[in-house]
Amino acid sequence: MRICLIILINIASSVPMTESRRSISPSISSIISEAGKDGSIGGGAINEKPRLYKNPTVNKITYLRGGPETLTSTNDRRDERVGDTTDASVKTSWDPISNLSHMLHALVGLDRYPNYLSRFRNTADIDLLENALEESLQKVRKQKAEIVKRGEGVRKLVKTFINSHDFHGDDVGMMDTHQNVEGDNYKLWLGHPILSRPKTWKELRERNVLTEKAFQTAFRSVNKKSTKSGKNGTTELFDIISGQIDVKLDPSLLEDLMEQEMFDVYSFPLFSNKFCAIIRKTLRELYSLGDTAEFNHLELGRRPIDLDSIGLGWITDLIFQMFLQPISRHLFANTEKLSNSEDESGPLLDWRQGYVAGYSVNPTSTKGVTRHRLVPHADDSEITVNCCIGEKNFQGGNVEFYGLRGTPEEGQLNGVVTRPDVGRALIHSGRHLHAVSDVTSGDRYALVVWSRSWGRFRAETCPCCFLNRRLNTSTCICGKRWN
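Residues numbered from 1 in each chain as written. Predicted model: local features only at pLDDT ≥ 70, side-chain atom pairs only at ≥ 80, totals over all residues. Heavy atoms only, no water.

K.L.:
Looking at this structure, I do not really get the overall build of the chain. What am I missing?
P.N.:
In terms of helices and strands, the chain carries twelve helices and 15 strands. Considering the chain as a whole, with its 483 residues, one finds that 48% of them fall into the buried category. Put simply, 72% of the contacts in the chain that link residues at least 6 apart link residues at least 24 apart. Here the chain has roughly 23800 Å² of accessible surface; of this, 50% comes from carbon and sulfur atoms. (Helix = DSSP H or I, 4+ residues; strand = E, 2+ residues; numbered from the N terminus. Buried < 20%, exposed > 50% of the residue type's maximum accessible area, 1.4 Å probe, protein only. Contact = heavy atoms within 4.5 Å. Areas by Shrake-Rupley, 256 points an atom, 1.4 Å probe, with all protein chains shown as cover.)

Here is the structure:
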């Protein structure tokens, strides 16, 4: 339904409305329990850590992966870690390796109290903390090394793909992948007529990247009161994509662009069908090349593909700078605290990641469609854009929303976007629980952009407050009151 922006903002500030369809909605706990039967959560891409799920009807805890298990006691696990160094006379339940809460308490203690460790009763407990921190450090180093190695492999794959076609970009050599995931990768696509980074508004329009309505909303808003103009009197497109200009979309144009799907979930026509088809075709060819003997160690089609890693990060930047950031100011100012105070200015969101995930009635890594569906989950994102890029004839793959974290509606179905149109983007809070239903025919690809506010919101909000979506964080231990 078409809506006026004032109504949008008012709705975004209100409590979700109860709808009759909730009476037939499934319990989220039953859906999650069912999802665990295959030994993973959402195909492993959401959270590969085994979950503990407490069944409210049974007074025991079971592993979500694979049903009831006999859990080893905390002290047993603790003894296994430290061996004979533990003094039995002062044994405690302290276990920062297995217990995340203990680790967080220790980190806060080290940050707040001088000589914090002098309060520990013995050196064995300090050894446990040291071991836990070392394990975390080793995990960081291991993942960093894997990212660098995989980034080099993916870059080689993209170069091989491009060299096999009739367009050629710059050979810019290897890069320090962990320093800048995209780096100069975009130069690989310089010869591509569509996927090379556009330099001007004219190029963007002629390539038919955006729908006409999305293009006009951005172009007219940015150039209405341009403070940094090119030769033709318009704001340079590069300045927008690179984040040098803080885009503010005209409310009247935004009103005509946006539709409300349900509480806290909106949609707008973003990409043209032609552009979606080009992205699908290109990714499928990359997935197919990644399945060959030379590149199958990269497992390219077995996980969502990051756009920065293949040199197409400009697409992520375009969505983030031109639409996600400015729309968030209007629609999520109150529900997600994305508004500037009187003494603040500038962008509220300062981080983004873009990737493509695939679903299919016949999952296969060869096409990058490795799952039938996605179980209810929340994103590690303040605001998420999820754009369906096809195929045109897929069936199923509905996007289901199960309420915002921290509200009475959390866990209950409050709306379904049935078979999203190709090129249409959903925008919603990352902490709005959502799922993708089974794809019953064909393949479905989604281009997803996550965003975060490291400089503002997360700078004063601990993970617990964030995950539980506590909007009043004035007493959070990471906030100004405690620091």
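There is more to say, and it comes next.
K.L.:
Sorry, what's going on with the packing of helix 5 (residues 123–163) against helix 10 (residues 273–290) here?
P.N.:
When two helices pack together, their arrangement is given by the angle between the helix axes and by the axis-to-axis distance. Two elements in contact, helix 5 and helix 10, have axes separated by 10 Å at closest approach and are oriented at 115 degrees. Here helix 5 lies roughly perpendicular to helix 10, going by the angle between them. In this structure, the crossing between helix 5 and helix 10 has a hand that is right-handed. Of the residues in helix 10, those touching helix 5 at Leu 157, Val 158, Thr 160 and Phe 161 are Thr 282, Glu 285, Leu 286, Leu 289 and Gly 290. (Axes fitted to C-alpha atoms, helices over the stretch in contact; angles between N-to-C directions. Parallel < 35°, antiparallel > 145°, perpendicular 65-115°, else oblique. Left-handed = near helix turned anticlockwise from the far one by under 90°.)

K.L.:
Help me understand helix 10, please; the structure alone is not making it clear to me.
P.N.:
Think of an α-helix as 3.6 residues a turn; residues three or four steps apart then line up on the same face. Helix length check: helix 10, at 18 residues, gives a terminal C-alpha distance of 25 Å against a target of 26 Å (1.5 Å per residue), a fit within 8%. Every buried residue belonging to helix 10 is among Phe 275, Cys 276, Ile 278, Ile 279, Arg 280, Thr 282, Leu 283, Leu 286, Tyr 287, Leu 289 and Gly 290, and all of these are buried. In the core, the buried residues of helix 10 are packed alongside helix 5, strand 5 (305–306), helix 11 (313–331), strand 6 (351–360), strand 8 (383–390) and strand 15 (443–452). (Expected span 1.5 Å × (residues − 1).)

K.L.:
How do you make sense of the environment of Leu 110 when you look at a structure like this?
P.N.:
As for its position among the elements, Leu 110 is in helix 4 (residues 100–112). Judged by its relative accessible area of 39%, Leu 110 is partly exposed. Residues within four places of Leu 110 in sequence aside, it is in contact with Tyr 116, Leu 117 and Leu 129.

K.L.:
Looking at this structure, I do not really get the state of the cysteines. What am I missing?
P.N.:
Overall, the coordinates contain zero disulfides when judged by the stated rule. The thiol of Cys 276 is not disulfide-bonded; the next cysteine sulfur, from Cys 387, is found 5.3 Å away. With relative accessibility at 0%, the residue Cys 276 sits in the buried group. Here Cys 388 is not cross-linked by a disulfide; its sulfur's nearest cysteine counterpart is in Cys 387, at 7.0 Å. Judged by its relative accessible area of 1%, Cys 388 falls in the buried class. (Disulfide = S-S within 2.5 Å.)

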